[in-house]
Amino acid sequence: MAQQVELRRLRLRGSGAIVLTASSVCHQNKNAFFGSRSTTIPLHSITGLYVGWERSRIVLFFCGLGFAGWIGTTALGNIPVPVQYVLLLLGIVMFVAFFFVKGRKMEILSPTTIIKGTPVSFEDAEGFCTFLSEILRPDYKVKFNGS
């Protein structure tokens with residue numbers, strides 16, 4: 001098998017990377033904690049690209065938990081005041097963190113498989129998808145979610 005020439009590489013969180021070659025896109029996840037895997041999609045099979053970000057739902061959950069705990073302990077009245085302040089502070093900190101913690105996501109779709117991962121940088125993922133889309137369809141303009 002001939003050696004593939006790497007055109008572009010996108011680093012993912014952890015030890016993975018998405019590598020673009022002249023004929024395919026390969027997701028390499030080497031030496032990961034739960035094992036090692038590699039997925040390859042030929043360029044002619046790619047049907048869609050997705051790059052986006054979303055706010056963390058777990059941070060919102062802890063925000064609600066802090067505020068609900070504060071309201072509950074205030075309504076009960078027999079809980080020490082420092083506990084009430086700690087729950088209120090947890091709710092406020094998580095509410096502020098909700099606006100700063102964003103999860104990044106990237107997916108490359110084909111009829112039989114999906115390559116997905118969390119890129120280290122959102123801007124690098126945008127550049128990778130723009131480059132890939134120009135290879136696939138030079139006349140197609142890319143639209144990004146969240147930019």
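This structure is a prediction, so every number in the text was calculated from the model and none was measured.

Trainee: Can you break down the overall build of the chain residue by residue, with the values?
Mentor: Assigned secondary structure in the chain consists of 3 helices and 7 strands. Partitioning the contacts of the chain with sequence separation of at least 6, the portion at a separation of at least 24 is 52%. Accessible area for the chain stands at about 9,700 Å²; split by element, carbon and sulfur atoms hold 62% of it.

Trainee: Could you give an account of the sheet that holds strand β5 (residues 48–55), naming the residues involved and the relevant values?
Mentor: Taking strand neighbours across the sheet as the criterion, the 3 strands line up as β5-β6-β7 in an open arrangement whose pairing is antiparallel. Each end of this open sheet is capped by a strand with a single partner; those strands are β5 and β7 (114–117). Between one strand and the next, the sheet's axes are offset by a mean angle of 15°, whatever the strand orientation. Pairing of β5 with strand β6 (residues 102–109), which is carried by 8 bridges, proceeds in the antiparallel orientation. Following the sheet pairing, Gly-48 is matched in β6 by Leu-109. On top of the sheet, helix α3 (residues 122–136) reaches β5 and β6; it is set at about 165° to β5, its chief contact.

Trainee: Kindly report on helix α1 (residues 57–76), identifying the contributing residues and their values.
Mentor: Structurally, the α-helix is built with 3.6 residues per turn, so residues lying three or four positions apart point the same way. With 20 residues, α1 should reach 28 Å at 1.5 Å per residue; the first-to-last C-alpha distance of 28 Å fits that figure. Inspection of α1 places Val-59, Cys-63, Gly-66 and Thr-73 among the buried residues, and these make up the whole buried set. All buried residues of α1 project into a common sector of 110° when viewed along the axis, lining one side. Away from its buried face, by an angle of more than 90 degrees, α1 presents the exposed residues Arg-57, Ile-58, Ile-71, Ala-75 and Leu-76. On the buried face of α1, the contacting elements are α2 (81–98).

Trainee: Any chance you could break down a nonpolar patch on the surface for me, citing the residues and the numbers?
Mentor: Side chains of Ile-92, Phe-95, Val-96, Phe-99, Phe-100 and Val-101 sit close together on the surface and give an oily, nonpolar patch of about 580 Å² of accessible area. Taking the relative accessible area as the measure of exposure, Ile-92 reaches 40% and is therefore partly exposed.

Trainee: Could you give an account of the pattern of salt bridges, naming the residues involved and the relevant values?
Mentor: In this structure the tally under the stated criterion is 2 salt bridges. Here Glu-6 ties to Arg-9 by a salt bridge, and the two come within 3.0 Å at their closest N and O atoms. Relative accessible area serves as the criterion here: at 41%, Glu-6 is assigned to the partly exposed category. A relative accessible area of 42% places Arg-9 in the partly exposed class. A salt bridge links Glu-54 to Arg-57; the nearest nitrogen and oxygen atoms lie 3.6 Å apart.

Trainee: Report on the packing of aromatic side chains, specifying residues and quantitative values.
Mentor: Given two aromatic rings, their pairing is described by the distance between the two centres and the angle made by the two planes. Tallied over the entire structure, the rule returns 3 aromatic pairs. Ring geometry for Phe-95 versus Phe-99: centroids 5.3 Å apart, planes at 85°, classification edge-to-face. Note on Phe-98 and Phe-99: the rings are 5.4 Å apart at their centroids and 75° apart in plane angle, and the pair reads as edge-to-face. Among the residues examined, Phe-98 registers a relative accessible area of 16% and is labelled buried. Through pairs of rings, three or more aromatic residues link up here, namely Phe-95, Phe-98 and Phe-99. When the ring centre of Phe-98 is taken as reference, the NZ or CZ atom of Arg-55 above it lies at 5.8 Å. Its end group placed over the ring of Trp-53, Lys-102 keeps NZ or CZ at 4.2 Å from the ring centre.

What counts, and where the lines are drawn
- Residues numbered from 1 in each chain as written.
- Predicted model: local features only at pLDDT ≥ 70, side-chain atom pairs only at ≥ 80, totals over all residues.
- Heavy atoms only, no water.
- Helix = DSSP H or I, 4+ residues; strand = E, 2+ residues; numbered from the N terminus.
- Contact = heavy atoms within 4.5 Å.
- Areas by Shrake-Rupley, 256 points an atom, 1.4 Å probe, with all protein chains shown as cover.
- Pairing = 2+ DSSP bridges.
- Axes fitted to C-alpha atoms, helices over the stretch in contact; angles between N-to-C directions.
- Expected span 1.5 Å × (residues − 1).
- Buried < 20%, exposed > 50% of the residue type's maximum accessible area, 1.4 Å probe, protein only.
- Arc of directions from axis to C-beta.
- Patch = residues over 30% accessible without salt bridge, like charges linked within 9 Å, V, L, I, M, F, W, Y side chains within 5 Å.
- Salt bridge = Lys/Arg side-chain N within 4 Å of Asp/Glu carboxyl O.
- Phe/Tyr/Trp six-rings, centres within 6.5 Å; stacked < 30°, edge-to-face > 60°.
- Lys NZ or Arg CZ within 6 Å of the ring centre and 35° of its normal.

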